Each structure stands twice: as C-alpha cells, then as structure tokens.
Amino acid sequence: MATNLALDPNLLEHAFRVSGEPTKKAAVTRALQEFIARREQRLVAELFGKLDWDTSFDYKAERARKR
C-alpha cells in the first residue's frame, strides 16, 4: 500500500542512526514493529496480579515432560 507521509527529518535521521536501517521504508517498518510489540507487552503486563495462581501446578514436571 503506497502511503505519503510527512516525517520530521530530524526524527527520521535519528531513526536511521539508532536502527541501522538503510531506507525510510525499512526504518518506518522497524519502528511500527517495535511500537506494536511494546503495546502488546503492555497488555500482558496489565494482567499481572489479576490472574489466579494454581498452587498445585508443578512447572518442573512440565519441563521434564516429553512433547
């Protein structure tokens, strides 16, 4: 999908430096991927303290279980 964006040239130059990406498309794609990953991580972090813990669960036995 072709999209025209007016990007801040200073931000774009900084993105090139810190990401190592060689093109605008690659830098913007990387930025979007990282933005999405961080937001998804935040959603998972919001679950901390809200889920019931199963005290009978034996994680060591699960590690040893053959799949």
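The following paragraphs examine the structure supplied in this document. (Residues numbered from 1 in each chain as written. Predicted model: local features only at pLDDT ≥ 70, side-chain atom pairs only at ≥ 80, totals over all residues. Heavy atoms only, no water.)

**Some words on the overall build of the protein**
In step 1: Regarding its fold elements, the protein presents three helices and zero strands.
In step 2: Its helices and strands in sequence order give the protein the pattern α-α-α, from N to C terminus.
In step 3: Relative to its length of 67 residues, the protein is extended, with a C-alpha radius of gyration of 20 Å against a globular reference of 11 Å.
In step 4: Across its three principal directions, the C-alpha atoms of the protein cover 55 × 30 × 25 Å.
In step 5: Within the protein, the proportion of its 67 residues that are buried is 4%.
In step 6: Summed over its atoms, the accessible surface of the protein is roughly 6900 Å², and 56% of this surface lies on carbon and sulfur atoms.
In step 7: Considering the protein, the positive charge centre built from 13 side chains and the negative charge centre built from 10 side chains are found 4 Å apart. (Helix = DSSP H or I, 4+ residues; strand = E, 2+ residues; numbered from the N terminus. Rg over C-alpha atoms; globule rule 2.2 N^0.38 Å. Buried < 20%, exposed > 50% of the residue type's maximum accessible area, 1.4 Å probe, protein only. Areas by Shrake-Rupley, 256 points an atom, 1.4 Å probe, with all protein chains shown as cover. Lys, Arg positive; Asp, Glu negative; His and termini not counted. Charge placed at Lys NZ, Arg CZ, Asp CG, Glu CD.)

**Describing the environment of L7**
In step 1: In this fold, L7 is placed in the segment before α1 (9-19).
In step 2: On the accessibility criterion, L7 (39% relative accessible area) is partly exposed.
In step 3: Apart from the residues lying within four places of it in its own chain, the contact partners of L7 are L12 and V28. (Contact = heavy atoms within 4.5 Å.)

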